[in-house]
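Okay, here's what each chain looks like letter by letter:
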Amino acid sequence: MHGYDLILTLTGGLAAALALGYVTQRLGLSPIVGYLLAGTLVGPHTPGFVADTALAEQLAEIGVILLMFGVGLQFHIEELLAVRRVAIPGAVAQSVVATALGALLAVALGWERSAGLIFGMALAVASTVVLIRVLADHNDLHTQAGHIAVGWLVVEDLFTVIALVLLPAFFGTGAGTSAATPLWLALGVTALKVSALVAFTSVVGTRVIPRVLDYVAATRSRELFTLTVLVIALGIAVGSALIFSVSMALGAFLAGMIVGRSDYSLRAASEALPMRDAFAVLFFVSVGMLLDPGSLLASPGLVIGALAVVLVGKPLVALVIVWAMKYPFKVALTVAIALAQIGEFSFILATMGRELGMLTTAVTNVIVATSIVSIVLNPLVYRTIGPVDSWVARRPRLRRMLNRAVSTPSDLATSAGGHTTDPRHRAVVIGYGPTGRTVVRLLRANGIVPTVVDLNMDTVRSLQQDGIDAIYGDATRPETLEAAGVASP
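Residues numbered from 1 in each chain as written. Predicted model: local features only at pLDDT ≥ 70, side-chain atom pairs only at ≥ 80, totals over all residues. Heavy atoms only, no water.

Visitor: Describe the overall build of the protein chain, listing the residues and the values that go with them.
Guide: For the protein chain, the helix and strand inventory stands at 23 helices and three strands. Looking at the protein chain as a whole, 49% of its 489 residues are labelled buried. Of the accessible surface of the protein chain, which amounts to about 22,500 Å², a share of 65% is contributed by carbon and sulfur atoms. (Helix = DSSP H or I, 4+ residues; strand = E, 2+ residues; numbered from the N terminus. Buried < 20%, exposed > 50% of the residue type's maximum accessible area, 1.4 Å probe, protein only. Areas by Shrake-Rupley, 256 points an atom, 1.4 Å probe, with all protein chains shown as cover.)

In structure tokens form, the structure reads like this:
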């Protein structure tokens, strides 16, 4: 069956992920836990079927590219600016403290400082997938706390992107043409390469890609549009590595930002990113394959210390910072608990650490185990926010101390779709044909604000120029309806 290694790896990995993902979902946990356990199940450290590790790593690389593409696609600088007063200093302080705690723990156990630094960085960044899922499950995504947590995570994600660029320059100089290359020269060359990549993608993103998407969208073919978005993501990612010698992750992030700035961002998110989800599953499975449960018994102190950093150190710093900025105690507690986990970006950093020869497989085991435990506990701990807030509310003195001068910033003025119109006086119109035009005219004549959803980009642009709220996308997709302001598609 050697000729079927790819098929067997895909089938075995996805089947195990489906089974264990379903079980963890039914238990009220994140499916990511199931995917990681599925990887352990089909990995070389457990009996039974063993997937091809080399093939799994290549498939995981595609997952990383599409994950970073999704981050760039959904990155909106406006969301970050809206909560910059708390998110930027908070994320910086929390990342520094968590990285320092992780590094100190590693150095205390006899590691090199460079390895401890990467280990600490892996413990500092929370999982986007888990945070969004937990907030959405509790209807907190579009609240004040949700906006702060998402903005906070955007800053952490940017730090991760920067780290993926700088780590090879700092610790990979010996792998280049000469081990004697000065660090300043390596950093300078890296900066030039990154600048060239950013300049190239900016030119292509403003002049070429929008035209290509216009031509493809005009065909009304969903398959061609999805294929185009995937080619853009993979093409820029691979080109960034082969031509500019920088990480594929950075290229994918820039590609996502390019598409995200275009008029096709919503449709790309709703139609092309399901492919991202499938490969993201394979990414988590490949990480789970690295976990050797037996080796964890050899370093229990490291596992406990890592869990303490993620479950105690990180949330405590976030709680103090948000509370110190005079936000309500419940908001501070929500942000702190939502960030008390690690996930995909921690694995990406750990993978790079292994490629640079800084981290061992045993360290990756600890990071994977810490992620699994934190992801399992996060939704359970999140459910205690309400009872804790109620307990505080029943004690007037404690309530006054924890809720000082409550801040009421304007960071939650808009929802994810950006609509501020009173929902009682607005309507969503699907399609702008003859009937749609008549409906829109009647709605406006009666003081009701219409939002038009259409798959013709020329129509959408014309409506927007006329001051009518219009969205390009497929109305059969929940993401499109959510962007139009429909709370329950």
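That shown, we press on.
Visitor: Help me get a handle on the side chain of Asp140, residues and values and all.
Guide: Positionally, Asp140 belongs in the loop between α7 (128–137) and α8 (144–171). Separated by 2.6 Å, the side chains of Asp140 and Tyr382 make a polar contact. (Polar contact = N/O pair within 3.5 Å; in protein donor to acceptor, adjacent residues only side chain to side chain.)

Visitor: Go over helix α5 (residues 84–108) with me, naming the residues and quoting the values.
Guide: Think of an α-helix as turning once every 3.6 residues; residues three or four places apart then point the same way. The first and last C-alpha atoms of α5 sit 35 Å apart over 25 residues, in line with the 36 Å expected at 1.5 Å per residue. For α5, the complete set of buried residues consists of Val86, Ala87, Gly90, Ala91, Gln94, Ser95, Ala98, Thr99, Gly102, Ala103, Leu105 and Ala106. (Expected span 1.5 Å × (residues − 1).)

Visitor: Got a sec to walk through unusual backbone geometry? Specific residues and values, please.
Guide: One non-glycine residue with positive phi stands out, namely Asn139, at about 55 degrees. Considering the arrangement of structural elements, one finds Asn139 in the loop between α7 and α8. Of note in this structure, Lys326 is not a glycine but carries a positive phi near 65 degrees. Structurally, Lys326 can be placed in the loop between α15 (300–324) and α16 (329–338). Residue Lys326 is classed as partly exposed on the basis of its relative accessible area of 41%.

Visitor: Could you give an account of a nonpolar patch on the surface, with specific residues and numbers?
Guide: Taken together, the side chains of Ile88, Val92, Val96, Phe159, Ile162, Leu166 and Phe170 make up a nonpolar region of the molecular surface, amounting to roughly 540 Å² of accessible area. At the level of elements, α5 and α8 are the ones that each hand at least two residues to the nonpolar patch. With four residues, α8 is the single largest residue contributor to the nonpolar patch. If you trace the backbone, Phe159 turns up in helix α8. (Patch = residues over 30% accessible without salt bridge, like charges linked within 9 Å, V, L, I, M, F, W, Y side chains within 5 Å. Salt bridge = Lys/Arg side-chain N within 4 Å of Asp/Glu carboxyl O.)

Visitor: Any details on the nonpolar core? Residues and values, ideally.
Guide: Residues Met68, Phe119, Trp152 and Phe283 are the most contacted members of the largest nonpolar core, which totals 140 residues. With 12 residues, α8 is the single largest residue contributor to this core. Ignoring sequence-local partners within four residues, the contact set of Phe283 consists of Ala60, Gly63, Val64, Leu67, Glu344, Phe347 and Ile348. By size, the runner-up hydrophobic cluster in this structure holds seven residues, among which are Val453, Ala475, Leu481 and Ala484. (Core = buried A, V, L, I, M, F, W, Y, C linked by side-chain atoms within 4.5 Å. Contact = heavy atoms within 4.5 Å.)

Visitor: Tell me about the environment of Ser270, and name the residues and values.
Guide: The residue Ser270 is located in helix α13 (residues 265–288) in this model. The spatial distance from the C-alpha of Ser270 to the C-alpha of Arg477 is 6.5 Å, given a sequence separation of 207 residues. Contact partners of Ser270, with chain neighbours within four places excluded, come to Arg477, Glu479 and Thr480.

Visitor: Lay out the packing of α8 against helix α12 (residues 248–260) in plain terms, naming residues and giving numbers.
Guide: Interaxial distance between α8 and α12 falls to 9 Å at its minimum, and their mutual angle equals 140 degrees. Judged by the angle between their axes, α8 and α12 are oblique. In this structure, α8 uses Leu158, Val161, Leu164 and Val165 to contact α12, whose residues at the interface are Ala249, Leu250 and Phe253. Taken together, the residues of the contact of α8 with α12 break down into seven nonpolar, no polar and no charged. (Axes fitted to C-alpha atoms, helices over the stretch in contact; angles between N-to-C directions. Parallel < 35°, antiparallel > 145°, perpendicular 65-115°, else oblique. Nonpolar A, V, L, I, M, F, W, Y, C, P; charged D, E, K, R; others polar.)

Visitor: Explain the pattern of salt bridges residue by residue, including any values.
Guide: Under the criterion given, the structure shown has two salt bridges. Here Arg461 and Asp214 are joined by a salt bridge, their closest N and O atoms 3.3 Å apart. You can see Arg461 sitting in helix α22 (residues 457–465) and its partner Asp214 sitting in helix α10 (residues 209–218), a full 247 residues away along the chain. For Arg461, a relative accessible area of 27% gives the class partly exposed. Residues joined by salt bridges that share partners form a network here, namely Asp214, Asp263 and Arg461.

Visitor: Help me get a handle on the packing of aromatic side chains, residues and values and all.
Guide: This structure, assessed with the given rule, holds six aromatic pairs. Seen in terms of ring centroids, Trp111 and Phe119 are 5.2 Å apart; in terms of plane orientation they differ by 65 degrees. Their pairing is edge-to-face. We classify Phe119 as buried; its relative accessible area is 0%. Measuring from centroid to centroid gives 5.1 Å for Tyr264 and Tyr472, while their planes differ by 85 degrees, and the two rings are edge-to-face. Of the two residues, Tyr264 is situated in the loop between α12 and α13 and Tyr472 in strand β3 (residues 469–472); the sequence distance between them amounts to 208 residues. Residues Tyr264 and Tyr472 agree in their burial class; the two are buried. (Phe/Tyr/Trp six-rings, centres within 6.5 Å; stacked < 30°, edge-to-face > 60°.)

Visitor: I'd like a rundown of the pairing of β3, residues and numbers included.
Guide: Note that strand β2 (residues 449–454) and β3 share four bridges and pair parallel. Bridged to Val453 within β3 is Ile471. Each parallel crossover has a hand, and for β2 linked through α22 to β3 it is right-handed. (Pairing = 2+ DSSP bridges. Right-handed = clockwise from strand over helix to strand, strands pointing away.)

Visitor: Any details on the pairing of β2? Residues and values, ideally.
Guide: Taken across its six residues, β2 has five buried, putting it largely inside the fold. Each parallel crossover has a hand, and for strand β1 (residues 426–430) linked through helix α21 (residues 434–445) to β2 it is right-handed.

Visitor: For the confidence of the model for the protein chain, give the residues involved together with the corresponding values.
Guide: On average, residues of the protein chain score 81 in pLDDT, and 90% of them are at 70 or above. Contacts of residues 173–180 to residues separated by more than four positions or lying in other chains number seven contacts, the stretch itself having pLDDT below 50. pLDDT under 50 marks residues 407–421. Its contacts with residues more than four places away, or in other chains, come to 30 contacts. (pLDDT = per-residue confidence, 0-100.)

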